[in-house]
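# Notes for the structure review
Residues per chain, in single letters:
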Amino acid sequence: MEIKKRNESGYSIISLVGEVDLHFSPKAREEILKALKNNENVLVELSEVSYIDSSGIASLVEGYQMSKKSGQTFGLLSVSNAAMQVLKLARLDSVFPIYDNVEDVKD
Amino acid sequence: MTGKDTFTVKPADLPAPPQAALKILRACSRKDINNSELAELATHDPVLSTELLRIVNSAFFSMPSDIKSVTRAVNLLGQRALRNLVLCISVRDSVRQNALPDFDISSFWEDTLRHAVAARLLAEHSDLDDDECFTAGLLQDFGLLVMCFLQPSKASVWHDLRKLDPDQRYEREQQVFGITHDNLLQILGRSWSLPDELCAILGTHHDCKASSLSDADNRMCKILYLSDWMTAIFNVQQTGDCLRQYQSLANELLGLTLEQADTCLAAMPAMVESSAVALGLHIQQQPDFEDILSQANERLAEENMSYQELTWKLENALAEQDRLAAALDRELQVAREIQTGLLPSRRDSRFPVIGYNHSALELSGDFFDFFELPDGRIYFNLGDVSGKGVTAALLMAKTCSLFRCLGKREHDPARLLSTVNDELAETMIRGMFVTLTCGLYDPATDQVQLVNAGHPPALLISKEGEITELSASGPPLGIMAGSQYTIEKTSLSGGCLYLFSDGLIECEYAPDRVLGVSGLAKLLHKLHDREPDELIKLLFSQFIAQAETLKDDITLVMVEKRTPHA
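Residues numbered from 1 in each chain as written. Chains lettered and ligands numbered in written order. Predicted model: local features only at pLDDT ≥ 70, side-chain atom pairs only at ≥ 80, totals over all residues.

## Let's talk about the overall build of chain B
Threshold: Segments assigned H or I by DSSP are reported as helices when at least four residues long, segments assigned E as strands when at least two residues long, and all are numbered from the N terminus. Our contact criterion uses C-beta atoms placed from the backbone: two residues qualify when those atoms are within 7 Å.
Within chain B one finds 21 helices and 12 strands. Within chain B, residue pairs in contact and separated by at least 24 positions form 66% of the contacts whose partners lie at least 6 positions apart.

## Some points on the nonpolar core
How we decide: The term nonpolar core refers to a set of buried Ala, Val, Leu, Ile, Met, Phe, Trp, Tyr and Cys residues connected through C-beta atoms within 7 Å. Counting other C-beta atoms within 10 Å of a residue's C-beta gives its exposure: the residue is buried at 20 or more, exposed at 12 or fewer, and partly exposed in between, where C-beta atoms are placed from the backbone.
The biggest cluster of nonpolar side chains holds 93 residues, and the ones touching the most others in it are Val44 of chain A together with Leu417, Leu497, Tyr498, Val557 and Val559 of chain B. Beyond its immediate chain neighbours, meaning those up to four positions away, Val557 of chain B contacts Val353, Gly355, Phe368, Phe380, Leu382 and Leu499 of chain B. Within the second largest apolar cluster, 88 residues are counted, among which are Val91, Phe108, Val157 and Tyr246 of chain B.

## Quick word on the sheet that holds strand 6 (residues 458-461) of chain B
All names here are of chain B. What counts, and what does not: Between any two strands, pairing holds if DSSP finds at least two bridges. A fitted line through C-alpha atoms represents every axis, and for helices the fit uses only the stretch in contact; the resulting angles, taken between N-to-C directions, go from 0 to 180 degrees.
The sheet built from five strands is open, its strands ordered 1-12-9-6-7 with antiparallel pairing. Every interior strand has two partners, whereas the edge strands, strand 1 (353-358) and strand 7 (467-470), have only one. Strand after strand, the sheet turns through a mean of 15° between neighbouring axes, direction not considered.

## Focus: unusual backbone geometry
Residues and elements named next belong to chain A. One non-glycine residue, Asn39, adopts positive backbone phi at about 65°. Among the structural elements, Asn39 can be located in the loop between helix 1 (25-37) and strand 3 (42-52). Overall, Asn39 belongs to the exposed group, with 9 C-beta atoms counted inside 10 Å. Located in the positive-phi region is Arg91, a residue other than glycine, with phi close to 60°. Along the chain, the position of Arg91 falls in the loop between helix 3 (81-89) and strand 5 (98-99). Note on Arg91: 22 C-beta atoms within 10 Å, which makes it buried.

## Examining the packing of helix 6 (residues 105-123) of chain B against helix 13 (residues 215-233) of chain B
Residue and element names in this part refer to chain B. What counts here: Roughly parallel means an angle under 35 degrees; roughly antiparallel means over 145; roughly perpendicular covers 65 to 115; every other angle is labelled oblique. Two helices that cross are described as forming a left-handed crossing if the nearer one is turned anticlockwise from the farther one by less than a right angle, and a right-handed crossing if clockwise. Classification convention: Asp, Glu, Lys, Arg as charged; Ala, Val, Leu, Ile, Met, Phe, Trp, Tyr, Cys, Pro as nonpolar; all other residues, Gly among them, as polar.
Two elements in contact, helix 6 and helix 13, have axes whose closest approach is 8 Å; the angle formed by their N-to-C orientations is 125°. With respect to helix 13, the axis of helix 6 lies oblique. Of the two possible hands of crossing, helix 6 and helix 13 adopt the one that is right-handed. Contacts between helix 6 and helix 13 involve Asp111, Arg114, His115, Ala118, Ala119, Leu122 and Ala123 from the first element and Ile223, Leu224, Leu226, Ser227, Met230 and Thr231 from the second. Of the residues that constitute the contact of helix 6 with helix 13, the class distribution is eight nonpolar, three polar and two charged.

## Details of the pairing of strand 4 (residues 434-442) of chain B
All names here are of chain B. For strand 4, the tally of buried residues reaches eight of nine residues, placing the bulk of the element in the interior. Where strand 3 (residues 378-385) meets strand 4, eight bridges bridge the pair, whose relative direction is antiparallel. If you follow Asn381 over to strand 4, its bridge partner there is Cys438. As paired strands, strand 4 and strand 5 (residues 447-453) are joined by seven bridges and run antiparallel to one another. Across the sheet, the residue bridging to Thr437 is Asn452, located in strand 5. The turn joining strand 4 and strand 5, which pair antiparallel and follow one another in sequence, is formed by four residues; a positive phi near 65° is taken by Asp446.

Next up, the structure:
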C-alpha cells in the first residue's frame, strides 16, 4: 500500500496503490482531505487498487461530500477492475464522477 | 594522543632524593657493594640513619630485639630492604609539606600506603618478595605526586582523580596532565637510579596483560595493577562495581579465589595504619573493610530497591490497565446487549422470516429487522454499516430505528429507503454510509417487493433450484440526498429469498479462498431443502468454526413461505 501524489493539468492526483483496507484507509482519507482543505481539485486514481473495502469507500465518500459543499472538483480516475466491481455492485458508480483520463475531466 | 596533549619533563625540574639516599640507591645497584660500606653511606646522613633505625624498630618490622646500628639493620634486613627503606623515606620527603597548597597530601599518602600494603598482601599469593612489592606499591603512584609538583595549577584535580576507578583515572590523567603517572615514573626512576627492572615494572603496570617482561616481573606488574583496584574500592562511589571488577581481575591475573581476594582487602586497613605509623606519615583512621562491604551492599540494595519500585509501578499500571479494560468491557457488553435487543427475536416456526447475526467484534455493524404491518405484510431488511465498533453500532441503531419508525407509515419500500437515505445523508459524518436491502413480503400472495441500496445482491433460489441475483438499484444510504431506488417484484413460489452481509461472501473458508456470491449461491442451493435452523447451523459451521480469524460480521436473513410441520 502506497500513496502517490502528482499534479496534472491543474488537478491534484492522489494515486492509491495496493489494498485499500481498514489499515490503509485512514492514510488515504488524510491525504484526500488535506488536499481538499488546501483548495485543490482532487482526482483519486485507483488504477493500481487491488482491493477496496467499505472503509476505503468511506474515505472516497467523505472526500466527495466535502467537495460538494465547497464546490471543488472531486472524482475518481482510471479505476481498476477490482475497484470498479465494488463501485458498481454498490451502485456507487452513480455517485462518483469517474474518468478514464485527466483530459476527460475538462469535458 | 596529539602533540598538544603531551607534557615534556625536564629532569632538572624533578624532585631529587637527599644526596646520601641517592648514594645508597646507586651503591645498591652495584654487585660488589658490601653491607658495611652501605651502612657507612647511611651513617653519613644522621637524619637518614636515625629515621632508618626508627622505622626498622617500629611494629611494622616486628624485629625480635632493639636494633641500635644501621650496620646491624643492614645485616638483618639485607641490602635490598635497606634500599627499599631509603626509597620510602626519600619519596616521603621529596615534596615539602606546603609545596602544593591545593593538594591534599594526607589523602595521597593514605592511597600510597594502600597501594604498598595491597601489593604486599598480594605478594603472598604470587611467590614474590613482600618487601619488594611493598616498595613498588609505594612508588607506583609517586608519578602522580611529581606530576602535581611539576604542574601545581592542576594539583587540585587529585581530589577527583582518586574517586575514579583505575582505568578511568588513567585516561583522565592523560587528558589533564598530558602524561600518566607510569610514564613519569620511568623518567623519574632513571634520575633516582632505580634498578631498570623496577622502572620497567612501574612503567607498564597499567598494561600488565600485554607486558613483555619476565614472568616474575610481569607478576609484580599485575600486583601493582590489582593494588590500584584495591585502593580504588575505598574511594570510588560505585563501591560494588569496583569490588566486583577487582574480584574478577584478581582471579584472572593471579588466580585468586573470591575468598582470597576478600581476605587481602579485609587485611588492608589495619596494615595501612601500622605502616603509616612506621613511616611517620599522618593519615586518617582507616574505615573497616566490613563497612566498605556493607556500603557496597547498601548501594546494591538501593539499586534493587529502585528496581523493585519500578516493578511495583509497572504492576500497578498493568492492574490499572486491566481495570480500565474490564470497565470498557462491561460498557461494551451493555452496548452489545442493547444492540442485540434491537434485533427482532425469533418467531414461531410458521413465521416466514428468519434472521441470524454473528459479530466479529463486541459491537456489530451488521443488522437485520422485520416487523408486520396491520395488513399482514411483513417488512424485512438487512443492513451493513461502513466501519466498525462503536461508531458503526451507533449508526446501525439510528438506521434501524428510522427504518422501523418510518416503515410503519410508508408502505412503499423504495420511497421508504429514499426517505431514510435523505435523513441519514443530512447528518452523516466521516463518509459513513449504510448498505441495505429491504423488502415487503405478502404471505397472502407470496409476493416480495425488494429494494437494494448499494448492498450485495440478494439471492432468490426457486423451488426448482434456479438462482436469481437481485442487485442494487441505487447507492448506499447516507451518501447522497435525493438518491432514487427502484422496486424489484418477485414471487417466492416455494423458493427462498436470502439476504446476507458481505462478511459471508468475503469470509475466508480456506486460506486465501473466499466464498463469493456464486459460491454462496451453490452452497445455499445444496442446503436448500433443509429446515431453516439446520441450514443455518450447517452454513455457519463452515465459518464460525474459524471465528478466531473472522474479520467481519456475518448476517443472514431468509424469507420463505412456511407451513407448520406436523
